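Structural description and commentary
Residues per chain are reported as follows:
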Amino acid sequence: MTYGPDTPRYHATTDKPVHYLAVANARGEPIGYLWANDEDGAAGWCPRPGGDPVRLDEGQEWLARLGEAKGRGLAPTAALAELVRGSDPRRPSHIVPGSLAAAASLTALTELAGRITEADDRRLLARLDRANSHAWHELGQGLAELTDEDRDVQWRPARQNPSGTWTVGYPIHSERLNRVIRALVAVGAVTPAYLWIDNPPPTLPPDGRLSPADAMRAATAIVRGERFSDGTIAQAARDGLIDAVGTSLCAWYAAEQGHDGRT
């Protein structure tokens with residue numbers, strides 16, 4: 001089922017209250033919400049940015065089903081009712097039974113979708129490689145050996161070549177900083193399970209502390225973000241975010257080792 005350019009569509013937005021249904025993955029974790037407003041003839045899919053990445057494909061499937069309902073002339077809320085009746089918990093995603101509710105606005109529903117849950121945190125932490133003791137040692141040692149000079153990343157300026165072409169400037173990371181970045185990747189802190197592009201960029205809290213799951217979110221955004229925007233790692237090193245990420249994850253690993261009875 002696809003949601004192509006010729007698929008009938010309800011209006012994509014409304015400034016009025018909406019009815020909505022929670023959609024969950026096979027593990028029962030919410031991945032998004034289907035919403036509708038009859039007065040504006042509007043309906044759509046509101047994803048959870050912090051949820052399971054499976055929502056990307058599944059969202060298109062639910063939109064296509066809404067399009068089919070629109071093509072048959074159903075009112076938006078009638079389309080939601082039909083989707084409830086046809087939902088199958090054996091599919092990759094399904095409507096949570098009894099989840100029909102109302103929100104004051106689409107903005108309010110979007111805010112609800114943006115809330116991070118304990119299940120979101122657990123899903124991320126499960127991606128960390130507890131068994132790779134070498135990588136965890138590298139992360140701890142690399143973090144301990146970082147200097148202020150490493151954190152103050154310098155740039156090679158743009159320059160014009162003899163041919164007249166220009167070479168763009170780029171940051172020059174020290175080997176010690178690169179060691180920390182490699183270790184973050186090796187322990188599993190940089191993960192496709194976090195949709196960093198769909199979420200706000202990470203910031204350092206006032207107290208300088210991050211939860212382990214938030215450290216993974218920040219690590220993913222920092223390392224993956226560098227591929228799209230040179231200087232992302234440099235900024236995170238300069239403002240202390242990389243230190244906070246590494247400190248949080250190393251503390252988590254130490255606690256995990258203690259829980260397992262190892263030293």
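Presented here is a report on the structure given in the accompanying data block. (Residues numbered from 1 in each chain as written. Predicted model: local features only at pLDDT ≥ 70, side-chain atom pairs only at ≥ 80, totals over all residues. Heavy atoms only, no water.)

**With respect to the side chain of R217**
One can find R217 in helix α8 (residues 212-228). According to the relative accessible area criterion, R217 is buried, its value standing at 7%. Among the polar contacts listed, one links the side chain of R217 to the side chain of D214, at a separation of 2.7 Å. In contact with R217, other than residues within four places in its own chain, are I116, D120, D121, L124 and Y194. (Helix = DSSP H or I, 4+ residues; strand = E, 2+ residues; numbered from the N terminus. Buried < 20%, exposed > 50% of the residue type's maximum accessible area, 1.4 Å probe, protein only. Polar contact = N/O pair within 3.5 Å; in protein donor to acceptor, adjacent residues only side chain to side chain. Contact = heavy atoms within 4.5 Å.)

**A closer look at the packing of aromatic side chains**
For the structure on display, the rule yields four aromatic pairs. Between Y20 and Y33, the ring centres sit 5.5 Å apart and the planes meet at 90 degrees, which makes this aromatic pair edge-to-face. Of the two residues, Y20 is situated in strand β1 (residues 18-25) and Y33 in strand β2 (residues 30-37); the sequence distance between them amounts to 13 residues. With respect to burial, Y20 and Y33 carry one shared label: buried. A connected cluster of aromatic rings, assembled from ring pairs, spans W136, W252 and Y253. Residue placement shows R65 over the ring face of W62; its charged tip is 4.3 Å from the ring centre. (Phe/Tyr/Trp six-rings, centres within 6.5 Å; stacked < 30°, edge-to-face > 60°. Lys NZ or Arg CZ within 6 Å of the ring centre and 35° of its normal.)

**Some words on the environment of R179**
Relative to the elements of secondary structure, R179 occurs in helix α7 (residues 175-186). On the basis of relative accessibility, which here comes to 18%, the residue R179 falls in the buried class. Distance from R179 to E138, taken between C-alpha atoms, is 7.3 Å for residues 41 residues apart in sequence. Dropping the residues within four chain positions of it, R179 is found in contact with E138, Q141, G142 and E145. One polar contact links R179 to E145, side chain to side chain, over a distance of 3.1 Å.

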